[in-house]
Amino acid sequence: MSIVKSKIRTIPDYPRKGIMFRDITSLLLDPEGLALTIGTFVDRYTGKGITKVAGIEARGFIIGAPLAFQLGVGFIPIRKKGKLPSETVSQEYDLEYGKDVIEIHKDSVVPGDRILLMDDLIATGGTMIAAAQLLQKLGAEVPEAGVIIDLPDLGGATKLSKDLGVNVFSICEFEGH
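The structure presented is a predicted model; accordingly, all values stated were derived computationally and were not measured. Numbering of residues begins from 1 in every chain and follows the order in which that chain's sequence is written. Local features in a predicted model are, by the rule used here, given only for residues with pLDDT of at least 70; side-chain atom pairs are given and counted only at 80 or more, and totals for whole chains, interfaces and linings are based on all residues. Calculation of side-chain values draws on the structure's entire complement of heavy atoms; hydrogens and water are dropped beforehand.

## As for the nonpolar core
Convention followed: The term nonpolar core refers to a set of buried residues drawn from Ala, Val, Leu, Ile, Met, Phe, Trp, Tyr and Cys, joined through side-chain atoms within 4.5 Å. Buried means the residue's accessible area, taken with a 1.4 Å probe over protein chains only, is under 20% of the maximum for its type, while exposed means over 50%, and partly exposed covers the values in between. For the purposes of this entry, the term helix denotes a DSSP run of H or I that reaches at least four residues, the term strand denotes a run of E that reaches at least two, and both are numbered from the N terminus. Between two residues, a contact is recorded if the distance between any of their heavy atoms is within 4.5 Å.
Membership of the largest hydrophobic core comes to 28 residues, with the highest contact counts inside it found for Ile 78, Ile 104, Val 109, Leu 117, Met 128, Leu 135 and Leu 160. Mapped onto this core, the elements with two or more residues apiece are strand 3 (52-56), strand 4 (74-80), strand 5 (88-95), strand 6 (98-105), strand 7 (114-122), helix 5 (126-137), strand 8 (141-150) and helix 6 (156-164). The leading source of residues in this core is helix 5, at 7 residues. If sequence neighbours within four positions are ignored, Leu 117 has contacts with Ala 54, Ile 56, Ile 78, Met 128, Ala 131, Ala 132, Leu 135, Val 142, Glu 144, Ala 145 and Gly 146.

## Looking at the sheet that holds strand 9 (residues 167-173)
What counts is decided by this rule: In this analysis, strands are considered paired if DSSP registers two or more bridges between them. Lines fitted to the C-alpha atoms define the axes, with helices restricted to the stretch that makes contact. Angles between their N-to-C directions range from 0 to 180 degrees.
Pairing is mixed across the open sheet formed by 7 strands, whose spatial order is 5-6-4-3-7-8-9. Sheet topology places strand 5 and strand 9 at the edges, where each strand pairs with a single neighbour. Across the sheet, the mean angle from the axis of one strand to that of its neighbour is 25 degrees, orientation sign disregarded. In this structure, strand 3 lies alongside strand 7, joined through 4 bridges in parallel fashion. Bridge pairing links Val 53 to Leu 116 in strand 7. Those strands touched by helix 6 are strand 7, strand 8 and strand 9, and its axis lies near 160 degrees from that of strand 7.

## Some words on the pattern of salt bridges
Put simply, the rule reads: Salt bridges are identified by distance alone: a Lys or Arg side-chain nitrogen within 4 Å of an Asp or Glu carboxyl oxygen.
Counted by the stated rule, this structure contains 11 salt bridges. Linking Asp 23 and Arg 9 is a salt bridge whose minimum nitrogen-to-oxygen distance equals 2.6 Å. With a gap of 14 residues between them, Asp 23 in strand 2 (residues 20-23) and Arg 9 in strand 1 (residues 9-12) connect regions that are remote in the sequence. Looking at Asp 23, the relative accessible area reads 9%, which means it is buried. Through salt bridges with shared partners, a single network forms among Lys 7, Asp 30 and Glu 32.

## Looking at helix 6
Filter applied, for reference: The directions from the helix axis to the C-beta atoms form the arc being described.
Taken together, the buried positions of helix 6 are Gly 156, Ala 157 and Leu 160. End-on, the buried residues of helix 6 take up no more than an arc of 105 degrees, which puts them together on one face. Opposite the buried face of helix 6, at more than 90 degrees from it, the exposed residues are Thr 158 and Lys 162. In the core, the buried residues of helix 6 are packed alongside strand 7, helix 5, strand 8 and strand 9. Once helix 6 finishes, Gly 165 follows within two positions and takes phi at roughly 70 degrees, a positive value.

## Description of the environment of Asp 119
As for its position among the elements, Asp 119 is in strand 7. For the pair Asp 119 and Ile 149, spaced 30 residues apart in the sequence, the C-alpha separation amounts to 8.9 Å. Excluding anything up to four places from it in sequence, Asp 119 contacts Ile 56, Arg 59, Gly 60, Met 128, Gly 146, Val 147 and Ile 148.

The analysis is restricted to geometry; functional conclusions fall outside its scope.
Rendered as structure tokens:
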């Protein structure tokens, strides 16, 4: 998927020195790149028994919602604490310097759902692991997580697979962090 990778720009030293930020907004601006990205996920997950797509705020919404539409399934927004209006279930997770919490509506998952988890990127895997734990806590099966970018040097995809049994499919990889 070198076309997709070539349309992702890298911003050095953002949000702090030493970080190479992989910015998908340049990919989203490109009609060919966006179509190829969504099409790749549609091709991979069509006919796989996915009952819903869950997207992690906010970039997971950008890819997850059109994918859910194309697959003919519902979409579950996974949001930061305090952003959803109805009864929620939450999951705390560690950040580099502290903790954070994500939530979903309690009624968005039915036990036995096969939910595809989506985000733009997996690095250390903290948010993705918390999201998978949240969905599994409600009785869903999470057979796979889809991302545009994997940063394998940070180990998140390996950890998600090893700790929770959730395979990670990525369109492209970048070295470093």
